[in-house]
Structure formats: C-alpha cells, structure tokens
Protein chains: 2
Amino acid sequence: MKERPYSSLDSYIQQYKLEDLFPASFRQHMKVAPFEKGETLFSDGDELEELYFLVEGKIKIFTLTPEGKSLINRFKRPLAVIGDVEYVKGSPVLNSVEAVTEGVMISAPFSHLNELEKEHPSFIRFLLDTVAHKFYTESHTTSMHMLYPVEVRLASYLLSISSVGEGTVFHQEMRTSNLIELAEWIGTSYRHLNRVLKKMASEDVVEKTNGSVTIKDLEKLRTLAKGNIYE
Amino acid sequence: MKERPYSSLDSYIQQYKLEDLFPASFRQHMKVAPFEKGETLFSDGDELEELYFLVEGKIKIFTLTPEGKSLINRFKRPLAVIGDVEYVKGSPVLNSVEAVTEGVMISAPFSHLNELEKEHPSFIRFLLDTVAHKFYTESHTTSMHMLYPVEVRLASYLLSISSVGEGTVFHQEMRTSNLIELAEWIGTSYRHLNRVLKKMASEDVVEKTNGSVTIKDLEKLRTLAKGNIYE
DNA sequence: CCCAATTAAGGACATATGTCCTTTCGAAAG
DNA sequence: CTTTCGAAAGGACATATGTCCTTAATTGGG
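### Regarding the overall build of chain A
Along its length, chain A carries eight helices and 12 strands. Each of the 231 residues in chain A was classed as buried or not, and the buried ones make up 52%. Residue pairs at least 24 apart in sequence account for 70% of intrachain contacts in chain A once pairs closer than 6 positions are excluded.

The structure is reproduced here in structure tokens:
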C-alpha cells in the first residue's frame, strides 16, 4: 500500500466511473494532486478556484473558531467532492480541510466547469445529488448534536462503526485515529468523552483496553443510541 | 391583509419570476394550496409527492424527537422551496413543517419534474442553487450552535434582526413570535434563554419590557456575538 | 373594576460538559 | 533493566444548561 505510484488522471476517472461526467476533451483541464498526511488542504476563508475530487486517502473537514476550538464536520473517503458548494455559491471556503492520511485529489478549474455545465447537464445533476446528500447528512447530524447528550451520540457513533454479521459483532477500524479526534467528531471535549466511555465500560457496554474500544453489548448500545445512527 | 383573495398560480409565478423555470405548458400540473396558521404542513417521515414553493406567509421547519424536544432549523418566508432535498434523494421528509401564519404554497408533482429536468436544465441549476444555499446556512448555524454558548448565539440573533440606519437602531419584528419559539430557534430551553436575557439586561445590553426585547447597546452586542451573525 | 385563565419570570436543584492539572501507563531509547 | 517522554486516564472544580415548580404579570370576560 505504501509507495505505490499514484495512478494517472485517466485511471482515476475510470476507477470511479467519471467518464460520463468528464468527457475526454475536458480532461486536459484537470490535474492530479497528491498530498501528504497532516497537510492542510484548504483553510476557512480561502478563495477556491477549482473543484476537487478525493480519489485516494482520507481527509477531515472541520471548523476552527478564533478561540481555537475545533469541530469536525465529517470525514471523507473516496469518492468525495470538495468545493461544490463554494463553486455553486461563489463563496469562500466554509470549512477547513486536513489530510488524515496521504492521498490524492483530482481537480477541475471552476472556469471550465461553466462550459461543462452547458454541454453536459448531467454534471449539474451530479452536483445536485452531491450537495443534496451533504445537506441531508449535515442536517441529521445537527439535530443529533443539538438534541442528545454525548452518551447518545457516542453510542450512535459506535453503532455506526460496528457491523453485525450472523450474530457476531465486528468492530471496524475506528474512523477517527484517536480519542481526541473522536471527541472533536462527536462535538465534546476529550475529558468528557473519557468520562462517558468509562461509564459505558462500567456498565459493560464497551471494554477499554489500552486506547482501543471494543463493543461488548450491542443491545445495550442500541438502547443508549435511542434509535439514532450517524450518517 | 386579511381575507385578501389569494392570487392565482400565474400571478404567483409572475410575482416571483418563475416564468423561465416553469414554462406555460408545465403549469397545468401545478396547484395552489392555501394553508391556515398553525397548520402542520409536513411531518417528519412523510413521503412527499410534490415540490412546494412558499409564496405567501411564514413557516417554520423543525425537528421533533421521540422524547418531545423540538429544535427549530429555520424560518422561511417567500420565496422558499420545500421538498427539494426529498425530491433529489427520493427520501422521506427530513423535518417537520408548520405554518406560523396563514399563507399559500404552489406545488409541482415530482413525477412531472423529471420531464421538466430534461427539457429545461435550468431547473436543475435552480435546485442546485437552492440546496447549496441551504447547506451553506445550515453548516454555518451548526458550527455556531456547537461552538458557542447561548449568550453568543442570542447576541448574534439579536444582531441579525436589528438594522442600523444612520446611527439609529431599529429593531425589526422579531422573527419568532414569542420567547419560547426563540428558545427553540437558538437551541436552548426557555428557562435558560430567560436567564441569559436577564443577564444581558443587567448589563444594559438589552431592555426587557413586557415580553418584548429592545436592543440598547449595539456595540456591546457585537462584542458578545464575537463577530458571528445568523444567516 | 375584578377575577379567572394564560403567559412570563424566576428560584432551587440536578445534570451535562468544560478546563486545568496531576497521575498513570506504555513504548521507545539508552 | 531503567529512564524518559508522550499518550491516556482521571480528580477537582467551574460553568452552562436543563427540569420542575412557584410566583408574578397580563389580558379577555363578566
């Protein structure tokens, strides 16, 4: 997985079935841009000139306040679109974006997208689908955050990363690299997350072993989540 | 203003300059639907069949939890689009909608919109603009709610309803009909809102006289809002 | 003008969450 | 094996906010 040379534009387009979206004649305007782990890709307030597609790696989208607090809006894996809302509204970047792993984006300049819109209306439909979906999840997450305490959100998060196969509980890779990030993701402080985790552990809902969290009682977890689930 | 007969479909279309969006041939599929104050227009989970345009009156969009808590997502005045995300995603209604005043909606069936999309791609662009804007404001509001305490959000709200004209502060009609609604709007309890208002009053930032709130010190308010402003 | 029915305001207490700091633990270096 | 350092956990306290209930204010009806 390491050091694998990044594919070319065309192979990414093929991989993600974007052929119809970007006709061959348009691809000359597009670029391939690798990035490093931890790199700041976009900052709140930047003026964007291109639309980006995440084709490899993982990024996080978050808000920073002047006071230094940060709130993670969401994590993204391929295929994700960055800059769609900015393109449509012509406004500066709404949230900051940082690379969680190394990865690759491909990009297309706004200026050429206007032409593409005219020639290939399906591109507008694609954007519409993308933005509608973003709105949907954002709206859902917001309600959860506003209406339920951390315990419910945490339970919901844990459910979202566990999959149930024939009665066995597998816990997938945590979508957050550590507990600090998890805290920012569910919108609380690290301290408080710890507190809630400990409580859950004392009730045998989860088990904490050196930094990693394992689900022990899926049913109790479901009760705690009150039917909510992230995304 | 009362009892004024509602206009016809065509006059609404003209009034809001929707002629290009809905060609004459399409309008036979559209309907005019008046509603009463307080009426529940849509409920969380409903299956929507039509796209609606609010052309008269004021509505509120909110989330209800099984436990009975409610969170107001936003208020809408004409021209507003309802059901866009549901149309695009084909999913059930995300939030409940209630009429704050009497008013009128005009509607177009989803089934016919598909054809419209093909013949008039500008309609897709219109939806894209609409949804992108929704996302933008939603995202902004979410960050505020998650990152700042009620005092900041309240200050920000008060700023948003006051307009400054040549050094004089006018406070517009409160967009919420009462303090309870305001509490739901900024995402807190009525009790707590009262507490914060009282504190602001004691610092001469606002004045409370029988239920209505008047801004006394715009500068202090700006400081409290920390540069944030709703919408 | 007075009273009942509402609506607004506020007191008391409980809970959720944040902040700061100390302690503990485990892994990597020496 | 010991040291050291950073990550992880947790204690103590402060603040924000919620819940429940009581009191005060307001307004339409008689």
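### Thoughts on the pattern of salt bridges
Counted by the stated rule, this structure contains 20 salt bridges over all chains. Here Arg125 of chain A and Asp129 of chain A are joined by a salt bridge, their closest N and O atoms 2.7 Å apart. In this pair, Arg125 of chain A and Asp129 of chain A are both assigned in helix α4 (residues 121-147), four residues apart and thus about one turn of the helix distant. The exposure class assigned to Arg125 of chain A is buried, which follows from its relative accessible area of 18%. Taking relative accessible area as the criterion, Asp129 of chain A reaches 35% and is therefore assigned partly exposed. Residues joined by salt bridges that share partners form a network here, namely Glu117 of chain A together with Arg125 and Asp129 of chain B.

### So, the protein's contact with DNA strand D
Residues in contact with DNA strand D amount to 15 residues; listed here are only the nearest, Tyr190 and Arg191 of chain A together with Thr188, Ser189 and Arg195 of chain B. Across the atoms of DNA strand D situated within 4 Å of the protein, the share located in sugar and phosphate is 47%. At 2.7 Å from a base oxygen of DNA strand D is found a side-chain nitrogen or oxygen belonging to Arg191 of chain A. Within the side chain of Arg195 of chain B, an N or O atom sits 2.9 Å from a base nitrogen of DNA strand D. Within the residue set of the surface near DNA strand D, elements represented by two or more residues are α7 (190-202) of chain A together with α7 (190-202) of chain B. The element that contributes the greatest number of residues to the surface near DNA strand D is α7 of chain A, accounting for five residues. Looking at the surface near DNA strand D residue by residue, the class counts come to four nonpolar, four polar and seven charged.

### Describing the relation of the copies chain A and chain B
With an RMSD of 0.1 Å, the operation that places chain A on chain B is a rotation of 180 degrees combined with a shift of 0.0 Å along the axis. Taken together, the rotation and translation relating the two chain copies correspond to the operation of a two-fold axis. By residue overlap, the copies meet face to face through one surface: 100% of the interface positions of chain A are interface positions in chain B.

### Examining the protein's contact with DNA strand C
Close contacts around DNA strand C come from 16 residues, with Thr188, Ser189 and Arg195 of chain A together with Tyr190 and Arg191 of chain B the closest. The contact in question runs from a phosphate oxygen of DNA strand C to an N or O atom on the backbone of Val150 of chain A, over 3.1 Å. One of the side-chain N or O atoms of His192 of chain A is found 3.1 Å from a phosphate oxygen in DNA strand C. For the surface near DNA strand C, the secondary-structure elements that each account for two or more residues are α7 of chain A together with α7 of chain B. The element contributing the most residues to the surface near DNA strand C is α7 of chain B, with five residues. When its residues are assigned to classes, the surface near DNA strand C shows four nonpolar, five polar and seven charged.

### Here's the deal with the interface of chain A and chain B
At the interface, 40 residues of chain A touch 40 residues of chain B. Together, Phe135, Met146 and Leu147 of chain A form the three largest contributors to the area buried by chain A at its contact with chain B, with a combined 19%. Summed over the shared surface of chain A and chain B, the result is two salt bridges. Here Arg125 of chain A ties to Glu117 of chain B by a salt bridge, and the two come within 2.9 Å at their closest N and O atoms. In this assembly, chain A and chain B are joined by seven residue pairs in polar contact (both at pLDDT 80 or more). When contributions to the side of chain A that touches chain B are tallied by element, the ones reaching two or more residues are β5 (70-76), α2 (84-89) and α4 of chain A. At 19 residues, α4 of chain A tops the list of elements feeding residues into the side of chain A that touches chain B.

### Re the environment of Thr65 of chain A
Examined against the element boundaries, Thr65 of chain A turns out to sit in the loop between β4 (59-64) and β5. In sequence terms Thr65 of chain A and Asp44 of chain A are 21 residues apart; their C-alpha atoms lie 9.9 Å from each other. The contacts of Thr65 of chain A, once residues within four sequence positions are left out, are Leu147 and Tyr148 of chain B.

### Observations regarding the sheet that holds strand β8 (residues 103-109) of chain A
All names here are of chain A. Taken together, four strands build an open sheet; the order of strands is β1-β8-β3-β6 and the sheet is antiparallel. At either end of the open sheet lies a strand with only one pairing partner, and these are β1 (31-35) and β6 (80-82). Pairs of neighbouring strands in the sheet enclose a mean axial angle of 30 degrees, with direction left out of account. Bridge analysis of strand β3 (residues 50-56) against β6 gives three bridges, and the strand direction is antiparallel. Counted as the bridge partner of Leu54 is Ala80 from β6. The strands that helix α3 (residues 110-119) touches are β3 and β8; relative to β8, the one it contacts most, it runs at about 65 degrees.

### Observations concerning a negative patch on the surface
A cluster of like negative charges, contributed by Asp44, Asp46, Glu47 and Glu49 of chain A, occupies part of the molecular surface. Mapped onto the elements, Asp46 of chain A comes out in the loop between β2 (40-42) and β3.

### With respect to the packing of helix α5 (residues 150-161) of chain A against helix α8 (residues 218-225) of chain A
Residues and elements named next belong to chain A. Where α5 contacts α8, the two axes come as close as 8 Å, and the packing angle between them is 130 degrees. Overall, the two elements α5 and α8 adopt an arrangement that is oblique. When you trace α5 past α8, the crossing you get is left-handed. Judged by residue contacts, Glu151, Val152, Ala155, Ser156, Leu158 and Leu159 of α5 engage Leu218, Leu221, Arg222, Leu224 and Ala225 from α8. Partitioning the contact of α5 with α8 into residue classes produces eight nonpolar, one polar and two charged.

### Some details on unusual backbone geometry
Omega for the bond connecting Pro78 of chain A with Leu79 of chain A falls within 30 degrees of zero, at -5 degrees, which places this linkage in the cis form. On the secondary structure map, Leu79 of chain A appears in the loop between β5 and β6. Although it is not a glycine, Lys17 of chain A adopts a positive phi angle of roughly 55 degrees. Among the secondary structure elements, Lys17 of chain A is positioned in the loop between α1 (9-15) and β1. The backbone of Asp204 of chain B shows a phi angle near 60 degrees, a positive value even though the residue is not glycine.

Reading the values: rules and limits
- Positions within a chain are numbered from 1, following the residues in the order the chain's sequence is written.
- Each chain is given a letter, starting from A, and each ligand a number, starting from 1, according to the order in which they appear as written.
- It should be noted that, the model being predicted, local features are given only for residues of pLDDT at least 70 and side-chain atom pairs only at 80 or more, the latter also being counted only at that level, while totals for whole chains, interfaces and linings use all residues.
- To get the side-chain values, all heavy atoms of the structure are used, and hydrogens and water are removed first.
- Helix and strand assignments follow DSSP, with helices taken as H or I runs no shorter than four residues and strands as E runs no shorter than two, numbered in order from the N terminus.
- For every residue, the accessible area (1.4 Å probe, protein chains only) is compared with the maximum for its type, and the residue is labelled buried under 20%, exposed over 50%, or partly exposed between those bounds.
- When checking whether two residues touch, look at their non-hydrogen atoms; a contact exists if any pair is within 4.5 Å.
- Whenever Lys or Arg places a side-chain nitrogen within 4 Å of a carboxyl oxygen from Asp or Glu, that contact is recorded as a salt bridge.
- One heavy atom within 4 Å of a molecule or strand makes the whole residue count as near it.
- We define a polar contact as two N or O atoms separated by no more than 3.5 Å, with the added condition that, inside protein, one atom must be a possible hydrogen donor and the other a possible acceptor, whereas residues neighbouring each other in sequence contribute only through side-chain atom pairs.
- Throughout this entry, Asp, Glu, Lys and Arg are counted as charged residues, while Ala, Val, Leu, Ile, Met, Phe, Trp, Tyr, Cys and Pro are counted as nonpolar. The remaining residues, Gly among them, count as polar.
- Here the copies were fitted onto each other by least squares, based on C-alpha atoms from residues at pLDDT of at least 70 in both.
- Note on terms: buried area is the combined drop in 1.4 Å-probe accessible area of two parts once they are placed together, counting the loss on both.
- In this scheme, strands are said to pair when DSSP sees at least two bridges between them.
- Lines fitted to C-alpha atoms define the axes, with helix axes restricted to the stretch in contact, and inter-axis angles between N-to-C directions lie between 0 and 180 degrees.
- Surface patches are defined over residues having more than 30% relative accessible area and no salt bridge, joining like charges when they lie within 9 Å and nonpolar side chains (Val, Leu, Ile, Met, Phe, Trp, Tyr) when within 5 Å.
- Using a 1.4 Å probe, accessible areas were evaluated by the Shrake-Rupley method; residue-level cover was limited to the displayed protein chains.
- Counting rule applied: Lys, Arg positive; Asp, Glu negative; His and chain ends not counted.
- Lysine's charge is taken at NZ, arginine's at CZ, aspartate's at CG and glutamate's at CD.
- Orientation categories follow fixed angle ranges, with anything under 35 degrees roughly parallel, anything over 145 roughly antiparallel, 65 to 115 roughly perpendicular, and all other angles oblique.
- Less than a right angle of anticlockwise turn of the near helix away from the far helix marks a crossing as left-handed, whereas a clockwise turn marks it as right-handed.

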